[in-house]
Amino acid sequence: MITNKDILGIRNMNSDEILQILETAEIMKKRIENKEQREKILKDFSIVTLFYENSTRTKMSFTLAAKYLGANIVDLGVSTSSVNKGESLVDTGVTLDQMGTDIMIIRHSMSGAANVLARNVNASVINAGDGVNEHPTQALLDLFTIYEKKKNFKDLKVVIIGDITHSRVARSNIFGLKKLGANVVVAGPSTLISKNMECIGAKVTTDIKEAIYKADVVMGLRIQLERQKGGLFPDIREYRQMFGINKELMKYAKEDAILMHPGPVNRGIELSTEIIDGDQSVINEQVKNGVAVRMALLYLLSERRKGNEDINSKWKNVRSYTKDKWNKRYIG
Amino acid sequence: MLDPIQKINGIKDILVEDGIIKEVKEKIKVKADEVIDARGLWVTPGLIDVHVHLREPGYEYKETIKTGSRAAAKGGFTTICCMPNTNPVIDNEILVEYVKMKAEKEALVNVLPIGSITKGQKGEELSNIGKMAEAGICAISEDGKSVMNAGLLKKAMKYASMFNIPVFSHCEDPTLVGGGVMNAGEMAERVGMKGISSDSEEVIVARDIILGRSTGVKLHICHISTKGSVQLVREAKLRGEKVSAEVCPHHFSLTDEAVEGYDANTKMNPPLRSAEDVESLKKGLKDNTIEIIATDHAPHHIDEKNCEYDRAAFGIVGLETALSLSITHLVEENILTPMQLIEKMSTNPARLLGIDKGTLRIGKIADITIIDPNEEYEVNVNDFESKSKNSPFHGVKVKGKVKYTIVGGEIVFKNGEFIDKY
């Protein structure tokens, strides 16, 4: 069901693929919770993580996901590798390819880097974040979390607040949410948000209250403190007071709204500590779901590499859902 | 035969003797060493490209004067102007002499060097503009960037006007470009890359037009790519100012949609723009706001292109595709008549440079291009004579092919083969 060799972005995925990943993640989540069920179904697979940019949760999440499935996963350790001797991305990829890598997981500061790697190697490439372009696995775990809480995507109002222009998380989420039928509003200071976002389907506003009004899902984004030096907003104090999300603002959302954040959070800046640790927050749940979604993705990619089309036959409980039912459940 | 200057558009015989056009009339009866039957073909004044990067000295792994001139000959160009952003930068007469000497020895076509505006293109001190003018540069340019110090540029313009050489202006304000790598707009939003806004080009176009007006220099705006730039040039021309502008074939053949897929062969500066900009460029060509088509032939090694888009070099090769793309997108689409196309690729460039070319008048040097406007083919970068293959047009079907390139009466390229004197 995964159409392409690689997972480069949500933009080029269709809703069936996304739903299948979420569906599989549901089963995987049980396996995290119940140790006896952690089958070593990926024991013949070798996976390399290739992180040109820092990461805690994405890298750990992928690593544990791979280990729970029994795969061999190694980290290139970009800072101690030949990359430091000036080896190009393509050469590094080809080298790892020759060593028999099945899946490469790459994070890079430049948009499209995963695409460049993917077209130069035989291994499947998973984009773990490229520049300001996409972060597909983060979006998938966000979608999974929303599904768990809301059971439906159709006509949900999802608002994303903060530095939208530099956020691959926002972009991947917009692509995914639109494909599944949700309405997306993005809000932030006009220097950190582009009117062009409307062409990818999001409604753009600089009015935070209007954005949050009657929202089902409120997603805050990390504000990178170095943006201030680039002249994109005057200072942290002003940002917090004008664009930070707090308890007062959350009152404009629906009563059962959930609060999300991809992490790491600047406590007290984009979100107040009160709401991070409040009842509406699902931020910790997102982290657990991240492992489940990545297990699902690794599994589905490995099945595609084996050329096994009918992967659902492995799990009867999945097969019991017909596609129609899934569409009903997720898209409404 | 097509000659905009003599307003000839018809069947003629042309007699070339000792490198000079000896006679042009209906029927010439004379025993010649070689007779070319050009029935059904266009016989035009040799094409002139005012904007080429030959990369020599300094970047011979990308291109050399020899390989670049072969690419030019194959593309129908008999004269090319080479930009000074080499290493070292062409900023004094000794380097101009070096390029001329290499061209004399190795080039298949006429090569006219362009000198830099400031020493080392650092934007601090004027280059030896006068000495370079004596040595034979055809223009000065800081191509690759703008002289950001407006006061210095104004002095350069004043100084250059003393030698009657034009200033070729690359228009780009780096503070507005930021780290952009493609056109700012919806497509950049879709593919998640930093955009280069139109205003980064337009503010400098406006500034340079104003400075051109106050200094009276012959100002030429390189590779304009936006609707706003076309409008600025149009208005300046309406005011009667001495300004000309060029457009590159890729800017009217492709839009930023081509960037999808992150192939760095779609990365150049200025970037591929929106469909609206492309329409404006075509309109500007049609109403003669844009009077010159130039390639901005910018060869880069494959290692500088098969990499992350952000890291890849800006620029694509163009000498071997320019004519075909122009015929395909301008003549076939009735934007330009064949005569107007030749005007923009030969007559007008010659006028800008102030050189005695761009016509097939009797007594002129026999630089001639013979073109089959109907031959269709598929662009294959592996067939390029250029050392570099960085073109987004690989595999694209185009119309119009160069059959003969004749430089100073010598056939240098004939039906796909080089008549190589080296």
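Only a predicted model underlies this, so the values are computations on that prediction, with no experimental measurement involved. (Residues numbered from 1 in each chain as written. Chains lettered and ligands numbered in written order. Predicted model: local features only at pLDDT ≥ 70, side-chain atom pairs only at ≥ 80, totals over all residues. Heavy atoms only, no water.)

Considerations on the sheet that holds strand β7 (residues 77–82) of chain B
All names here are of chain B.
Stage number 1. The strand order across the open sheet formed by eight strands is β6-β7-β8-β9-β10-β13-β14-β15, and the pairing between neighbours is parallel. Both edges of this open sheet fall to β6 (47–52) and β15 (292–293), since each of them pairs with a single strand only.
Stage number 2. Sheet topology places strand β13 (residues 219–221) next to strand β14 (residues 243–247); three bridges connect them, and they run parallel. Counted as the bridge partner of Ile221 is Ala245 from β14.
Stage number 3. Strands in contact with helix α2 (residues 93–106) are β7 and β8 (110–115); relative to β8, the strand with the most contacts, it is inclined by about 165 degrees. (Pairing = 2+ DSSP bridges. Helix = DSSP H or I, 4+ residues; strand = E, 2+ residues; numbered from the N terminus. Contact = heavy atoms within 4.5 Å. Axes fitted to C-alpha atoms, helices over the stretch in contact; angles between N-to-C directions.)

Side note on the domain arrangement of chain A
Size of an interface, as often reported, equals the accessible area lost when the parts are brought together.
Residue and element names in this part refer to chain A.
Stage number 1. For chain A, the domain assignment lists domain 1 (15–134 + 286–306) and domain 2 (136–282).
Stage number 2. The C-alpha centroid of domain 2 is placed 26 Å from the C-alpha centroid of domain 1.
Stage number 3. Contacts between the two partners involve 28 residues from domain 1 and, on the opposite side, 27 residues from domain 2.
Stage number 4. When domain 1 packs against domain 2, close to 2,300 Å² is buried across both sides, 59% of that on carbon and sulfur atoms. (Domains from an automatic or database assignment. Buried area = accessible area lost by both parts, 1.4 Å probe.)

Let's talk about empty space enclosed by the protein
Residues and elements named next belong to chain A.
Stage number 1. In the structure shown here, the tally under the stated rule is six cavities of 30 Å³ or more.
Stage number 2. In this model, the largest cavity occupies a volume close to 100 Å³.
Stage number 3. As for the largest cavity, its lining consists of 13 residues, and the residues nearest its centre are Arg57, Gln138, Pro262, Gln286 and Val287.
Stage number 4. Breaking the lining of the largest cavity down by element, the ones donating at least two residues are α2 (57–68), α5 (136–150) and α11 (283–306).
Stage number 5. Considering each element in turn, the lining of the largest cavity owes the most residues, five residues, to α11.
Stage number 6. Of the residues belonging to the lining of the largest cavity, the class tally is four nonpolar, seven polar and two charged.
Stage number 7. Looking at which domains feed residues into the lining of the largest cavity, each of domain 1 (15–134 + 286–306) and domain 2 (136–282) gives three or more. (1 Å grid on protein atoms, 1.4 Å probe; cavity = no way out; pocket = protein on both sides within 12 Å on 5 of 7 lines; lining within 4 Å. Points joined across faces, edges and corners; volume = space filled by probe spheres on them. Nonpolar A, V, L, I, M, F, W, Y, C, P; charged D, E, K, R; others polar.)

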